[in-house]
Amino acid sequence: MTHALKTPDSSQKSNKALYGGTSSRRITVRDIAAAKERGEKWPMLTAYDAMTASVFDEAGIPVMLVGDSMGNCHLGYESTVPVTMDEMTLLSAAVVRGTKRALIVGDLPFGSFQEGPVQALRSATRLVKEAGVGAVKLEGGERSAHQIELLVQAGIPVMAHIGLTPQSVNAYGGYPVQGRGEEAAQQLLRDAKAVQDAGAFAVVLELVPAELAAEVTRILHIPTVGIGAGVECDAQVLVWTDMAGMTPGRLPRFVKQYAKLREALGDAAKAFAEDVVGGAYPAEEHSFH
């Protein structure tokens, strides 16, 4: 007697989906790998505090990155370079406390892993033990492969980051697109394979030509997370303040604004101020007797 193979019904697929899934448990790197096998695309946003993270968690964002982008958009630095492990640990812990379902990935800031695998393990262990993150991210391809390998061997999931690596802004002299030209493209492909071979569960591709990012996505069995890398990546990430319209001034070409939060927040602050100055606030309903 033979039995026909059963294919998952729509409810089972919905339950497993990273975005829109019904499971309430914490998402893990195994879920990320399964999404790649299903061909499911998924979103990732940065988060730096418990309240914002809780909003994104309730919205169903499956992966949040406590990025060193906090330096630019949260701590007032001119770049990501000054961010410290103390700052990263403090804010990562806040994001973990503010969420229930999302996989929280903590960034390893500049100077916390470049000395070698042992330093990287010490820094990553701190984020896992003190902040409670489910994975860490570090920049660099071939040059960071040994760090990734040791972390994975120690049981710490690693998201790699290649292409434009913002911690190298001083070496780049800015934020140029990476992987243009045959030699640069081949180096990016080598970097992608190196981090996969080292055990990374996913890799961020930042400011990479769309065609090259598509090729990387095709040849890797781990998911690619694009930011300025075209539509063919398995996932997409944005800095939340860019996405929500909080960041002032000119934004990178790859950013799409989904709200005008800076304008709305400013309007709210002005309305409050005018009510205070004019005596309209607090009104009777806001007072105690």
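Residues numbered from 1 in each chain as written. Predicted model: local features only at pLDDT ≥ 70, side-chain atom pairs only at ≥ 80, totals over all residues. Heavy atoms only, no water.

Visitor: Looking at this structure, how should I read the overall build of the chain?
Guide: Looking only at helices and strands, the chain features 12 helices and eight strands. The C-alpha radius of gyration of the chain comes to 21 Å, within 12% of the 19 Å expected for a compact globule of 289 residues. Seen along its three principal axes, the alpha-carbon backbone of the chain occupies a region of about 75 × 65 × 35 Å. A total of 289 residues make up the chain; the buried ones form 48% of that total. Pairs at least 24 residues apart make up 57% of the contacts formed inside the chain by residues separated by at least 6 positions. When the accessible surface of the chain is summed, it comes to about 15,300 Å², and 55% of that surface belongs to carbon and sulfur atoms. For the chain, the distance from the average site of its 27 positive side-chain charges to the average site of its 33 negative ones is 6 Å. (Helix = DSSP H or I, 4+ residues; strand = E, 2+ residues; numbered from the N terminus. Rg over C-alpha atoms; globule rule 2.2 N^0.38 Å. Buried < 20%, exposed > 50% of the residue type's maximum accessible area, 1.4 Å probe, protein only. Contact = heavy atoms within 4.5 Å. Areas by Shrake-Rupley, 256 points an atom, 1.4 Å probe, with all protein chains shown as cover. Lys, Arg positive; Asp, Glu negative; His and termini not counted. Charge placed at Lys NZ, Arg CZ, Asp CG, Glu CD.)

Visitor: How should the sheet that holds strand S8 (residues 235–238) be read in this particular structure?
Guide: Strands pair in a sheet through their backbones, by hydrogen bonds, and they do so in one of two ways: parallel or antiparallel. Ordered in space as S1-S2-S3-S4-S5-S6-S7-S8, the eight strands form a closed barrel in which the pairing is parallel. With strand direction ignored, the average angle separating the axes of adjacent strands in the sheet is 25°. Across five bridges, strand S5 (residues 158–163) lies against strand S6 (residues 202–206) in parallel orientation. From the neighbouring strand, Ala160 faces S6, where its bridge partner is Val203. (Pairing = 2+ DSSP bridges. Axes fitted to C-alpha atoms, helices over the stretch in contact; angles between N-to-C directions.)

Visitor: Honestly, the side chain of Thr89 in this entry has me stumped. Any pointers?
Guide: With respect to the helices, strands and loops of the structure, Thr89 is situated in helix H5 (residues 85–97). Here Thr89 is in contact with Arg126, Leu127, Glu130 and Ala131, once residues within four sequence places are set aside.

Visitor: Before we go on, may I ask you to explain the UniProt feature "binding site: Mg(2+)" (unreviewed entry) in the chain in this structure?
Guide: Following the UniProt record, the feature "binding site: Mg(2+)" (unreviewed entry) maps to Asp68, Asp107 and Glu139 here. Spanning 72 residues, the annotated positions come together in the fold, the maximum distance between their C-alpha atoms being 10.8 Å. Its location among the elements puts Asp107 in strand S3 (residues 103–107). Overall, the relative accessible area of 1% leaves Asp107 in the buried class. Only 2.8 Å separates the side chain of Asp107 from the backbone nitrogen of Asp68, close enough to count as a polar contact. You can see Glu139 is positioned in strand S4 (residues 135–139). (UniProt positions renumbered as here; feature names shortened; annotations may be inferred. Polar contact = N/O pair within 3.5 Å; in protein donor to acceptor, adjacent residues only side chain to side chain.)

Visitor: Help me understand unusual backbone geometry in this model?
Guide: What is expected of a backbone is that most residues other than glycine have negative phi and most peptide bonds are trans. A cis amide bond links Tyr281 with the next residue in sequence, Pro282, at an omega value of 0°. With respect to the helices and strands, Pro282 occurs in the segment after helix H12 (261–278). A positive phi is found at Leu207, a non-glycine position, where the angle reads about 50°. Tracing the backbone through its elements, the reader meets Leu207 in the loop between S6 and helix H10 (210–219). Using a relative accessible area of 14% as the deciding quantity, one classes Leu207 as buried.

Visitor: Is there a simple way to explain the side chain of Asp57 in this structure?
Guide: Take Asp57: it is sitting in helix H3 (residues 50–58). For the buried residue Asp57, which engages in no salt bridge, the nearest side chain bearing the opposite charge is Arg26, 5.4 Å off. Leaving out residues up to four positions away in the same chain, Asp57 has contacts with Met64, Thr99, Lys100, Arg101 and Ala102. (Salt bridge = Lys/Arg side-chain N within 4 Å of Asp/Glu carboxyl O.)

Visitor: Is there a simple way to explain a nonpolar patch on the surface in this structure?
Guide: Judged by side-chain polarity, Phe272, Val276 and Tyr281 come together as a nonpolar surface patch covering roughly 290 Å² of accessible area. Structurally, the position occupied by Val276 is in helix H12. (Patch = residues over 30% accessible without salt bridge, like charges linked within 9 Å, V, L, I, M, F, W, Y side chains within 5 Å.)

Visitor: Would you mind showing me how to read the packing of aromatic side chains here?
Guide: The relation between two aromatic rings is expressed through the spacing of the ring centres and the mutual angle of the planes. Evaluation of the coordinates by the stated rule reveals two aromatic pairs. Ring centres of Phe56 and Trp240 lie 6.0 Å apart, and the angle between their planes is 70°; this geometry places the pair in the edge-to-face category. Taken together, the residues span a long stretch of sequence, with Phe56 in helix H3 and Trp240 in helix H11 (residues 240–243) at a distance of 184 residues. Pair check on accessibility: Phe56 and Trp240 agree, each one buried. Seen in terms of ring centroids, Phe272 and Tyr281 are 6.0 Å apart; in terms of plane orientation they differ by 65°. Their pairing is edge-to-face. (Phe/Tyr/Trp six-rings, centres within 6.5 Å; stacked < 30°, edge-to-face > 60°.)

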